[in-house]
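# Fold and geometry: a report
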Amino acid sequence: MIRVILNGARGRMGRAILHCAAQHADLEIAAQVDQGDDLAGALNRGDVVVDFSVPTVTEQLLDLCTKHGKALVLGTTGHEEKTRAMIRECARRIPIVWASNFSTGVNTLFWLVERAAQVLGPGYDLEIVEMHHRHKQDAPSGTARTLAEILARVRKHQLDRVVRHGRHGLVGPRGAEEIGIHALRGGDVVGDHTVIFATQGERLELTHRASSRETFAHGALRAARWVAGRPAGLYDMQDVLGLRSAGA
Ligand code: NAD
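Since we're looking at a predicted model, the values are computed, not measured.

The 5 strands lie next to each other as β7-β8-β6-β9-β10, forming an open sheet whose pairing is mixed. Edge positions in the sheet fall to β7 (163-165) and β10 (202-210), since each has one partner strand and no second. Neighbour to neighbour, the strand axes of the sheet diverge by 15° on average, direction disregarded. In this sheet, strand β9 (residues 191-199) lies alongside strand β6 (residues 125-132) in antiparallel orientation, the contact comprising 7 bridges. Within β9, the residue paired with V129 across the bridge is T194. On the sheet, helix α5 (residues 104-120) packs against β9 and β10 and is oriented at approximately 170° with respect to β10.

Attention now goes to the pattern of salt bridges. By the definition in use, this model includes 20 salt bridges. Across the salt bridge formed by R174 and D125, the nearest N and O atoms sit 3.5 Å from each other. On the criterion of sequence distance, the pair formed by R174 in the loop between β7 and β8 (179-185) and D125 in strand β6 is long-range, its members being 49 residues apart. Here the residues in one salt-bridge network are D125, E127, R164, R167, R174 and E178, joined through shared partners.

The rules behind these values
- Residues numbered from 1 in each chain as written.
- Predicted model: local features only at pLDDT ≥ 70, side-chain atom pairs only at ≥ 80, totals over all residues.
- Heavy atoms only, no water.
- Pairing = 2+ DSSP bridges.
- Helix = DSSP H or I, 4+ residues; strand = E, 2+ residues; numbered from the N terminus.
- Axes fitted to C-alpha atoms, helices over the stretch in contact; angles between N-to-C directions.
- Contact = heavy atoms within 4.5 Å.
- Salt bridge = Lys/Arg side-chain N within 4 Å of Asp/Glu carboxyl O.

Bear in mind that shape data such as this cannot, by itself, settle questions of function.
As structure tokens, this is what we get:
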């Protein structure tokens, strides 16, 4: 039995994980932690920490997981670069599955987007559109950022130099290297992502729409099962789903 410590247990994702955990017979939610609870005290009750909380708590979480030698499934998004660097550093000592999106469909989208960008080549303009519910704290979504990172990597560009977050005013013609990202917010949208490849005479659009948080919850629990007992390292859902060995 793999014992999971759930951080952010009272949030939307935390509740979805609690709901889905019953369908994973080999996993047990051994501790539920949220703001104000004793995370350090809960750590010795489990093997893997699954975190869907807030980015400001990630550094403390990394410290504790490293100190106690716990595997970590990190679903929280919206981290500053300093925290992102710390995640990479801690993965030298503990196994971490870090994914901006735990859904199988979105990870297939990542795989497809990489291939489409390779096949279509540099003559296509790249735009990403995402939409989420009105409560979402960070923008653009972590998934949109991952999609942009994949596109920049295929084009051999540094993302920070080519990314364009929305457009407003007299922006002039679009630069050929730009990767546009547009964040829409409203209602109860769980998460929509579209990548557009546009050129003279045609446009290819790849879209994923999540209609329930269960897809992320099952993916995170699958990651918890996969990461338990692994050697230290930084992994993502491409590793968990075996997409990397399929050529990603
Ligand atoms: P939410 O606001 O519903 O839940 C966040 C929870 O974290 C709340 O219960 C809050 O009380 C708790 N929290 C706040 N401070 C805390 C602390 N110090 N320690 C422990 N818990 C604390 O948000 P949500 O929609 O559940 O999303 C949570 C995070 O997961 C966000 O960063 C979101 O972007 C991300 N997310 C990731 C994926 C993915 O697949 N990677 C999918 C959905 C959401």
